[in-house]
There are 2 protein chains.
Amino acid sequence: MIGKQSIQFEEPPYLLEGASVVGPKEGEGPLGKYFDVVEQDPMMGQDSWEQAESLFQKEAVQKVLVKAKVPKDSVRYIFAGDLLGQLIGTTFGIMEYEIPLFGIYGACSTMGEALSLAAIMVEAGNADRVIAMTSSHFASAERQFRFPLEYGKQRPFSATWTVTGSGAVIVGKERGFAKITGITTGRIVDFGVKDAQNMGACMAPAAADVLYNHFQDFQCSPSDYDKIITGDLGLVGKTILFELLNQKGYDISKVHMDCGVEMFDASRQDTHAGGSGCACAATVLCGYIFHQLKKQAFRKILFIPTGALLSTISFNEGNPVPGIAHCVQIESC
Amino acid sequence: MIGKQSIQFEEPPYLLEGASVVGPKEGEGPLGKYFDVVEQDPMMGQDSWEQAESLFQKEAVQKVLVKAKVPKDSVRYIFAGDLLGQLIGTTFGIMEYEIPLFGIYGACSTMGEALSLAAIMVEAGNADRVIAMTSSHFASAERQFRFPLEYGKQRPFSATWTVTGSGAVIVGKERGFAKITGITTGRIVDFGVKDAQNMGACMAPAAADVLYNHFQDFQCSPSDYDKIITGDLGLVGKTILFELLNQKGYDISKVHMDCGVEMFDASRQDTHAGGSGCACAATVLCGYIFHQLKKQAFRKILFIPTGALLSTISFNEGNPVPGIAHCVQIESC
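We now turn to the structure provided with this report. Fair warning: this is a prediction, and the values are worked out from it, not measured in the lab.

## With respect to the relation of the copies chain B and chain A
Right, on to step 1. Under the fitted operation, chain B is carried onto chain A by 0.0 Å of movement along the axis and a turn of 180°, and the coordinates agree to an RMSD of 0.0 Å. Both chain copies can therefore be described as sitting about a two-fold axis.
Right, on to step 2. When you check the interface residues of chain B against chain A, 100% turn up at the interface there too, and the contact is symmetric in its surfaces.

Quick look at the structure:
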């Protein structure tokens, strides 16, 4: 452990392989060609959106096992979660793999939390292979958090579009294409923002807090990274993040990328402030980012998925929407 | 790591202190005198049940810090979760402590998951002190999973009563009253039970599975323990657990105790099959069980909180209710 809230791994665990499965809209986006699978039917032939989301998870696990050429029995634990109440996307997605499960919830920061815990597990010698994964689905998230699609509500321009898909990574002891060299675990940050249609503004303060503490704990600066990649701040949240970090003396604008901003072409795809959802950061990580790490176009990156902590109950009872974000430092090898 | 899904800690992390805060009904139960705080108002003076649940968490953290005589800044991480969608009990309960958070969800198995991960974190040298905690609230759970109280639905005899309260434990490096010597992490087990009013039957197969694997992995038997303590199987689930383990050659009936069965006096308190909820196992652990460990009436126990994996959406869409359970082996010292 170093500094206030970080861990620098002495024997960094490796990323063995990643897999990304997305829906048709994500496949048509600017990063479409980097995803392993583009499903043409967002319902996956199921009767409900929730069942479809579970199938995305099931397929992502299957894909990552095949890509890494390892049997499911060699995976000792799964760290997984999703946006749906009581993690039903995960429960019915990974159930039949029969792998011991740690269910986690960090809203859209879930992939950061999953990778952090998987890395700790492997480095401590408690597992040789661990899967870190998450999912989200546009339609199941709209029903869970906002309005059923049938209601036809107009979306404000600060709103984001929940990504349909799932990303899964195998973290392990044996040499892979990259390694997790450190993590900085976020705390809940509440700026009192109450607009659930402006998630970027809710999450940006948490991203700024964890990034500031990462730079302090590791005694490093933005220029040490090829990319600093946030999850789904979108266009609105990105601007706020830059401003908050500027106030603390850090300028990340030259190396920053936001998965939510890159996922869709807003002018063509009507997605407003960008992509969001657990799967946004997770599928861009397993798609585009891993591609760049494998060809060493990125050598050292910070991956910071960001989550907005709310439910319809907390929101309707007048609570604000606090944020949380988790940093994962990844280096190619 | 040993066996299929267990970890035996070489340098077992200690339990420094625990705190339990419960509502009035729990205080009137047979274990009432062991809880640190019995709140007489289950609403905690708040406007909503969810806000009340958050206050139970806040108070449990405060209490455990005071009992352990440690400042909040010395706690490096919190592992916490609750039953409410998107963990809003936790978010608004622990937010102002500003401690880095790993949000977890294992339904009523959450305390087992929290203790497991806290132990891994401390043993790996990644933290000196970690809080593991959870909460539940009768009224917020009824609204979340079943019917609002105002509806006045009759409860079948297989139904359990969600415990109102919160339990928090500090796991650490320095010597405490007991230590976590091993864990066995559960996987999702689905026997196809679809009756959400009979959670015991949904969870018993998962408890049997993880217990069987624990006995196998550690090459031990029920007689090695002073107590084998399940979370909230209740009277119905307990019978099923005994039968499933008997089929595999293990008889735990002589040393078994279920927190849900002990929590209330069913004849006097109208609680039917027993107590349930994340707080059931957590508050009995921090109350009665820690009391027994401290006076060495229990020297070696297995603590196995059990969770039922469902949401109103999964249930209403016709899905079964699978279960999960996590074993934590605790020894007094």
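## So, the pattern of salt bridges
Right, on to step 1. Across all of its chains, the model carries 24 salt bridges over all chains by this definition.
Right, on to step 2. Of the charged contacts in the structure, one is a salt bridge between R146 of chain A and E142 of chain A, with a shortest N-O distance of 3.1 Å.
Right, on to step 3. Overall, the relative accessible area of 8% leaves E142 of chain A in the buried class.
Right, on to step 4. Where K58 of chain B meets E96 of chain B, a salt bridge forms, and the shortest distance between an N and an O atom there is 3.1 Å. Here K58 of chain B, found in helix 2 (residues 49-68), pairs with E96 of chain B, found in the loop between helix 3 (88-94) and strand 5 (101-103); they are 38 residues apart in sequence, far enough to count as distant.
Right, on to step 5. Three or more residues joined by partner-sharing salt bridges are found here, namely E17, D36, K67 and K294 of chain A.

## A word on the packing of aromatic side chains
Residues and elements named next belong to chain B.
Right, on to step 1. The final tally for this structure, using the stated rule, is 16 aromatic pairs over all chains.
Right, on to step 2. Relative to Y288, the ring of Y34 has its centre 5.1 Å away and its plane inclined at 70°; by these criteria the two rings are edge-to-face. Of this pair, Y34 sits in the loop between helix 1 (24-27) and strand 3 (37-38) while Y288 sits in helix 10 (residues 278-294), and the two are 254 residues apart along the sequence.
Right, on to step 3. Ring plane angle 65° and centroid distance 4.9 Å describe the contact between F177 and F290, whose orientation is recorded as edge-to-face. Taken as a pair, F177 in the loop between strand 8 (165-172) and strand 9 (178-184) and F290 in helix 10 lie far apart in primary sequence, 113 residues in all. By the burial criterion, F177 is buried, and F290 matches it.

## Observations concerning helix 2 of chain B
All names here are of chain B.
Right, on to step 1. Relative to the 28 Å expected for 20 residues at 1.5 Å per residue, helix 2 spans 29 Å between its end C-alpha atoms, a close match to the ideal helical length.
Right, on to step 2. Among all positions in helix 2, only W49, E50, A52, E53, S54, F56, Q57, A60, V61, V64 and L65 are buried.
Right, on to step 3. K69 sits one or two residues past helix 2 and shows a positive phi near 55°.

## Concerning unusual backbone geometry
Right, on to step 1. Even without glycine at this site, Q296 of chain A takes up a positive phi of about 60°.
Right, on to step 2. With respect to the helices, strands and loops of the structure, Q296 of chain A is situated in the loop between helix 10 (278-294) and strand 13 (300-304).
Right, on to step 3. The backbone of Q86 of chain B sits at a positive phi, close to 60°, despite the residue not being glycine.
Right, on to step 4. Along the chain, Q86 of chain B turns up in the loop between strand 4 (77-81) and helix 3.

## Some remarks on the pairing of strand 9 (residues 178-184) of chain A
All names here are of chain A.
Right, on to step 1. Counted residue by residue, strand 9 has six buried out of seven residues, so it is predominantly covered.
Right, on to step 2. Examined bridge by bridge, strand 1 (residues 6-8) and strand 9 share three bridges and lie antiparallel to one another. When the sheet's bridge partners are listed, S6 is paired in strand 9 with T184.
Right, on to step 3. One ladder, built from two bridges, connects strand 2 (residues 14-22) with strand 9; its direction is antiparallel. Note on strand 9: the bridge partner recorded for L15 is A178.
Right, on to step 4. In terms of strand pairing, strand 9 meets strand 16 (residues 327-332) through six bridges, oriented antiparallel.

## Digging into the pairing of strand 16 (residues 327-332) of chain B
Residues and elements named next belong to chain B.
Right, on to step 1. Burial analysis of strand 16 places five of its six residues in the buried class, the great majority of the element.
Right, on to step 2. As defined by bridge partners, strand 13 (residues 300-304) adjoins strand 16 across four bridges and the pair is classed as antiparallel. Among the inter-strand pairings, K300 is bridged to a residue of strand 16, identified as E331.

## Remarks on the side chain of S332 of chain B
Right, on to step 1. Topologically, S332 of chain B is positioned in strand 16.
Right, on to step 2. When sequence neighbours within four positions are dropped, the list of residues in contact with S332 of chain B reads F177, A178, L293, Q296, F298 and R299 of chain B.

## A word on the interface of chain B and chain A
Right, on to step 1. Tallying the contact residues gives 60 residues for chain B and 60 residues for chain A.
Right, on to step 2. Taking both sides of the interface into account, the surface hidden between chain B and chain A amounts to around 4900 Å²; carbon and sulfur atoms contribute 63%.
Right, on to step 3. The three residues of chain B that bury the most area against chain A are M1, R76 and Q86 of chain B, which together make up 15% of that side's buried surface.
Right, on to step 4. The tally of links between chain B and chain A comes to two salt bridges.
Right, on to step 5. Residues R143 of chain B and E317 of chain A are paired through a salt bridge, measuring 2.8 Å at the closest nitrogen-oxygen approach.

## Things to note about helix 5 (residues 138-145) of chain A
Side chains of residues three or four places apart in an α-helix project in the same direction, reflecting 3.6 residues per turn.
Residue and element names in this part refer to chain A.
Right, on to step 1. Along helix 5, seven of the eight residues are buried, which leaves the element largely enclosed by surrounding structure.
Right, on to step 2. The complete set of buried residues in helix 5 reads F138, A139, S140, A141, E142, Q144 and F145.
Right, on to step 3. In this fold, the buried residues of helix 5 make contact with helix 2 (49-68), strand 6 (129-136), strand 7 (161-162) and helix 11 (312-316).

## Some remarks on the layout of surface pockets
Right, on to step 1. The volume enclosed by the largest pocket comes to roughly 370 Å³.
Right, on to step 2. Those elements that place two or more of their residues in the lining of the largest pocket are helix 2 and helix 3 (88-94) of chain A.
Right, on to step 3. If you add up the space inside the second largest pocket, you get close to 290 Å³.
Right, on to step 4. Q86, Q144 and T312 of chain A together with Q144 and T312 of chain B are the residues nearest the centre of the second largest pocket, which is lined by 16 residues in total.
Right, on to step 5. For the lining of the second largest pocket, the secondary structure elements donating two or more residues are helix 5 and helix 11 of chain A together with helix 5 (138-145) and helix 11 (312-316) of chain B.
Right, on to step 6. Split into classes, the residues belonging to the lining of the second largest pocket amount to four nonpolar, ten polar and two charged.

## Details of the packing of helix 6 (residues 199-217) of chain B against helix 7 (residues 234-247) of chain B
All names here are of chain B.
Right, on to step 1. Two numbers describe how helix 6 lies on helix 7: the axes approach to 8 Å, and their chain directions differ by 35°. The two elements helix 6 and helix 7 cross, and the hand of that crossing is right-handed. From helix 6, G200, A201, A204, P205, A207, A208, L211 and Y212 reach across to helix 7, where they touch G237, I240, L241, L244 and L245.
Right, on to step 2. Its residues assigned to classes, the contact of helix 6 with helix 7 comprises eleven nonpolar, two polar and no charged.

## Here we look at the packing of helix 2 of chain A against helix 5 of chain A
Residue and element names in this part refer to chain A.
Right, on to step 1. Two elements in contact, helix 2 and helix 5, have axes whose closest approach is 8 Å; the angle formed by their N-to-C orientations is 130°. In terms of axis orientation, helix 2 runs oblique to helix 5. Between helix 2 and helix 5 lies a crossing whose hand is left-handed. Residues W49, E50 and E53 of helix 2 lie in contact with helix 5, whose contacting residues are A139, S140 and R143.

About the cut-offs
Residues numbered from 1 in each chain as written. Chains lettered and ligands numbered in written order. Predicted model: local features only at pLDDT ≥ 70, side-chain atom pairs only at ≥ 80, totals over all residues. Heavy atoms only, no water. Least-squares fit on C-alpha atoms with pLDDT ≥ 70 in both. Contact = heavy atoms within 4.5 Å. Salt bridge = Lys/Arg side-chain N within 4 Å of Asp/Glu carboxyl O. Buried < 20%, exposed > 50% of the residue type's maximum accessible area, 1.4 Å probe, protein only. Helix = DSSP H or I, 4+ residues; strand = E, 2+ residues; numbered from the N terminus. Phe/Tyr/Trp six-rings, centres within 6.5 Å; stacked < 30°, edge-to-face > 60°. Expected span 1.5 Å × (residues − 1). Pairing = 2+ DSSP bridges. Buried area = accessible area lost by both parts, 1.4 Å probe. 1 Å grid on protein atoms, 1.4 Å probe; cavity = no way out; pocket = protein on both sides within 12 Å on 5 of 7 lines; lining within 4 Å. Points joined across faces, edges and corners; volume = space filled by probe spheres on them. Nonpolar A, V, L, I, M, F, W, Y, C, P; charged D, E, K, R; others polar. Axes fitted to C-alpha atoms, helices over the stretch in contact; angles between N-to-C directions. Left-handed = near helix turned anticlockwise from the far one by under 90°. Parallel < 35°, antiparallel > 145°, perpendicular 65-115°, else oblique.

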